[in-house]
Protein chains: 2
Amino acid sequence: MPKVVDHHERRTRIAAALLQVAADRGIEAVSLRHVATEAGVSSGMVQHYFRTKDEMMTFALAVVAENVMARMAGQPVAETPAAMIRALVIELLPFDEQRRIEGRVLLAFHAHATNNPTIAALLRENADQLRTYLAERIRTEQAAGTTTAALDAGHIATGLLALADGLGVNVLVEHYTADEALATFDAYLTAVLG
Amino acid sequence: MPKVVDHHERRTRIAAALLQVAADRGIEAVSLRHVATEAGVSSGMVQHYFRTKDEMMTFALAVVAENVMARMAGQPVAETPAAMIRALVIELLPFDEQRRIEGRVLLAFHAHATNNPTIAALLRENADQLRTYLAERIRTEQAAGTTTAALDAGHIATGLLALADGLGVNVLVEHYTADEALATFDAYLTAVLG
DNA sequence: CGTTTTACGTTGCAGTCGCAATGTAAAACA
DNA sequence: TGTTTTACATTGCGACTGCAACGTAAAACG
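Rules of the game
Residues numbered from 1 in each chain as written. Chains lettered and ligands numbered in written order. Predicted model: local features only at pLDDT ≥ 70, side-chain atom pairs only at ≥ 80, totals over all residues. Heavy atoms only, no water. Helix = DSSP H or I, 4+ residues; strand = E, 2+ residues; numbered from the N terminus. Buried < 20%, exposed > 50% of the residue type's maximum accessible area, 1.4 Å probe, protein only. Contact = heavy atoms within 4.5 Å. Areas by Shrake-Rupley, 256 points an atom, 1.4 Å probe, with all protein chains shown as cover. Buried area = accessible area lost by both parts, 1.4 Å probe. Salt bridge = Lys/Arg side-chain N within 4 Å of Asp/Glu carboxyl O. Expected span 1.5 Å × (residues − 1). Polar contact = N/O pair within 3.5 Å; in protein donor to acceptor, adjacent residues only side chain to side chain. Domains from an automatic or database assignment. Nonpolar A, V, L, I, M, F, W, Y, C, P; charged D, E, K, R; others polar. 1 Å grid on protein atoms, 1.4 Å probe; cavity = no way out; pocket = protein on both sides within 12 Å on 5 of 7 lines; lining within 4 Å. Points joined across faces, edges and corners; volume = space filled by probe spheres on them. Axes fitted to C-alpha atoms, helices over the stretch in contact; angles between N-to-C directions. Parallel < 35°, antiparallel > 145°, perpendicular 65-115°, else oblique. Least-squares fit on C-alpha atoms with pLDDT ≥ 70 in both. Phe/Tyr/Trp six-rings, centres within 6.5 Å; stacked < 30°, edge-to-face > 60°. Core = buried A, V, L, I, M, F, W, Y, C linked by side-chain atoms within 4.5 Å. Lys, Arg positive; Asp, Glu negative; His and termini not counted.

### Remarks on the overall build of chain A
Here comes step 1: A count of helices and strands for chain A gives nine helices and zero strands.
Here comes step 2: When its helices and strands are written in sequence order, chain A yields α-α-α-α-α-α-α-α-α.
Here comes step 3: Taken over the C-alpha atoms alone, chain A extends approximately 60 × 40 × 30 Å along its principal axes.
Here comes step 4: Looking at the 194 residues of chain A, the share that counts as buried comes to 48%.
Here comes step 5: The contacts of chain A with a sequence gap of at least 6 include a subset with a gap of at least 24, amounting to 62%.
Here comes step 6: Total accessible area on chain A is roughly 9,200 Å²; 55% of this is exposed by carbon and sulfur atoms.

Written as structure tokens, this is what we have:
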């Protein structure tokens, strides 16, 4: 056998190139050759680590999902419940280049999921995870009496995430800036949590 | 000259076929040949009415935008401000097949707009129109004192539309049903408008 | 040290794409 | 009635796609 190689590392590197291509030129520009060129490798190597294009796409999506989750989990504990929610959801808005790229890719995958059950399932799994996490934290605050919100925590979480999704999309297509989106989000937060 | 032909009608018919293909098999399946087949015409005819694929896509998007606007404008005047907003935004949620198709197509175009200025501009124009319209109606209600909302009408409109966008996307990828989305939306409405 | 297994690189094939080019038929206009 | 103009249909070309099929070289293992 040749050089022992970290498969996961190679796949991750290729996925990163895929995300770059998708963010730069749209997901329809994601081809084996383009990704290979972007990664600086041969298309044969890409084929070596991903048997099909679909497998490559799915892996890349999983990478993005992991990144988002990791960023949210790495968030420090906030003082007030509103601040906590704000900090979490801000992570979903495209404020810097990294989040812009991820946002574009996620948007493209959402469009794709519309007629691709595999991708739809992957997206749904992550969204559920996020929603459950957020709802749980809201419930905790409600139990502790630190928030005035009388609404069902599940509805609040769903609404917050959907609002973040919608604002994110609108920022990505440049209907308004991330700051304006945040202002709108804040208005919603105060309305719901007091 | 041959048979005098209604150009706009032909283009609209082709656009309808495009939307069908996009909704059925994803926007990446939209090719001159597929659209032509779906419309039951030759690809030469499609080329006759649209000089480029891009022109065809843009036209189809404009058709969708018109449909949405027409449906919203055709909405009867509601009793309460909340009911009015609710009726308007419900039109944006994918409750029936028609709105599901339009939603899918719009979602795909939003992803596309991320790196296509022409489409981005078209989307932005429509979104602005919608937002202005909604904000204006909210302002009217506020002036009449028929709503308790203290927030800036612009922010409310932006938030409502973004929330509708986000909920719509989540319904399209089947994270939850349109009814659940509506429940969440209602919770938001009462929180904001009282 | 020889064998085997893995990690790539290269090439090619069948299919699809957008689009240009060309052909044909029919109706409006002179 | 003849000419011109428009409405299509057909064909083909160059570019691109995913993917299979090979080839090669190097390192782990016996």
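### A short note on the interface of chain B and chain A
Here comes step 1: Opposite the 41 residues of chain B that make contact, chain A presents 40 residues.
Here comes step 2: Together chain B and chain A conceal approximately 3,200 Å² of surface at their shared face, both sides included; 64% is due to carbon and sulfur atoms.
Here comes step 3: Looking only at chain B, the three residues that lose the most surface to chain A are Thr114(B), Asn115(B) and His175(B), adding up to 17% of its buried area.
Here comes step 4: Taken together, the connections running from chain B to chain A amount to zero salt bridges.

### Some details on helix H1 (residues 7-25) of chain B
Residues and elements named next belong to chain B.
Here comes step 1: Between the first and last C-alpha of H1 there are 27 Å, a value that for 19 residues agrees with the 27 Å anticipated at 1.5 Å per step.
Here comes step 2: Those residues of H1 that fall on the buried side of the exposure criterion are Ile14, Ala15, Ala17, Leu18, Leu19, Val21, Ala22 and Ala23.
Here comes step 3: Two or three places before His8, at the opening of H1, Asp6 has a side-chain oxygen 3.1 Å from that residue's backbone nitrogen.
Here comes step 4: Looking one or two residues beyond H1, the residue adopting positive phi is Gly26, at roughly 90°.

### So, the domain arrangement of chain A
All names here are of chain A.
Here comes step 1: Taken domain by domain, chain A holds domain 1 (1-51) and domain 2 (67-193).
Here comes step 2: Measuring from the centre of the C-alpha atoms in domain 1 to the corresponding centre in domain 2 gives 29 Å.
Here comes step 3: Opposite the five residues of domain 1 that make contact, domain 2 presents five residues.
Here comes step 4: Interface of domain 1 and domain 2: buried area, both sides summed, is about 500 Å²; carbon and sulfur atoms make up 80% of it.
Here comes step 5: Taken as a group, Leu19, Ala23 and Ile27 account for 82% of the area that domain 1 buries against domain 2, more than any other trio of residues on that side.
Here comes step 6: Applying the counting criterion to the domain 1 and domain 2 interface returns zero salt bridges.
Here comes step 7: Counting the contacts that link domain 1 with domain 2 gives one residue pair in polar contact (both at pLDDT 80 or more).
Here comes step 8: Of the residues belonging to the side of domain 1 that touches domain 2, the class tally is four nonpolar, one polar and no charged.

### Here's the deal with the layout of surface pockets
Here comes step 1: Its boundaries defined by the atoms lining it, the largest pocket holds a volume of some 570 Å³.
Here comes step 2: Lining the largest pocket are 30 residues, with Ile27(A), Glu28(A), Ile27(B), Glu28(B) and His112(B) positioned closest to its centre.
Here comes step 3: A per-class count over the lining of the largest pocket returns 14 nonpolar, eight polar and eight charged.

### Observations concerning the packing of helix H5 (residues 81-90) of chain A against helix H7 (residues 117-144) of chain A
Residue and element names in this part refer to chain A.
Here comes step 1: Viewed as axis vectors pointing N to C, H5 and H7 meet at an angle of 170°, and their least axial separation amounts to 10 Å. As summarised for this structure, H5 and H7 are arranged roughly antiparallel, according to the angle between their axes. Note on element contacts: H7 touches H5 through Tyr133, Leu134, Arg137, Ile138 and Glu141, opposite Pro81, Met84, Ile85 and Leu88.

### Regarding the pattern of salt bridges
All names here are of chain A.
Here comes step 1: Enumeration according to the criterion identifies 22 salt bridges over all chains in this entry.
Here comes step 2: Arg13 serves as the salt-bridge partner of Glu9, at 2.4 Å between the closest nitrogen and oxygen. In this pair, Glu9 and Arg13 both sit in helix H1 (residues 7-25), four residues apart, roughly one turn of the helix.
Here comes step 3: A relative accessible area of 28% means that Glu9 is categorised as partly exposed.

### Here we look at the relation of the copies chain B and chain A
Here comes step 1: Expressed as a screw operation, the relation of chain B to chain A combines 0.0 Å of axial shift with a rotation of 180°, fitting to an RMSD of 0.1 Å. What the rotation and shift describe, once combined, is the action of a two-fold rotation axis.
Here comes step 2: In this assembly, 98% of the residues forming the interface of chain B have copies in chain A that are likewise at the interface, indicating an isologous arrangement.

### Considering unusual backbone geometry
Here comes step 1: For Glu174(A), which is not a glycine, the phi torsion comes out positive at approximately 60°.
Here comes step 2: Relative to the assigned elements, Glu174(A) resides in the loop between helix H8 (153-172) and helix H9 (178-193).

### Re the packing of aromatic side chains
Here comes step 1: The final tally for this structure, using the stated rule, is three aromatic pairs over all chains.
Here comes step 2: With a centroid separation of 4.2 Å and 55° between ring planes, the pair formed by Tyr188(A) and Tyr188(B) is classed as tilted. Note that Tyr188(A) is positioned in helix H9 and Tyr188(B) in helix H9 (residues 178-193), a pairing that runs across two chains. Accessibility assignment for this pair places Tyr188(A) and Tyr188(B) in one class, buried.
Here comes step 3: Between Phe50(B) and Phe59(B) the ring centres are 5.5 Å apart and the planes differ by 55°, which places this aromatic pair in the tilted class.

### Brief notes about the nonpolar core
Here comes step 1: One finds Ile85(A), Leu134(A), Leu160(A), Val30(B), Ile85(B), Leu134(B) and Leu160(B) to be the most contacted residues of the largest nonpolar core, which totals 122 residues.
Here comes step 2: Apart from the residues within four sequence positions on either side, Ile85(B) is in contact with Leu134(B), Ile138(B), Leu160(B), Phe185(B), Leu189(B) and Leu193(B).

### Side note on the side chain of Arg104(A)
Here comes step 1: Turning to its location among the elements, Arg104(A) is positioned in helix H6 (residues 97-113).
Here comes step 2: Despite its burial, Arg104(A) pairs with no opposite charge; the closest candidate is Asp24(A), at 6.0 Å N-O.
Here comes step 3: For Arg104(A), the side chain forms a polar contact with the main-chain oxygen of Thr114(B), separated by 3.5 Å.
Here comes step 4: When residues no more than four places from it in sequence are discounted, the contact partners of Arg104(A) are Ala23(A), Leu172(A), Thr114(B) and Asn115(B).

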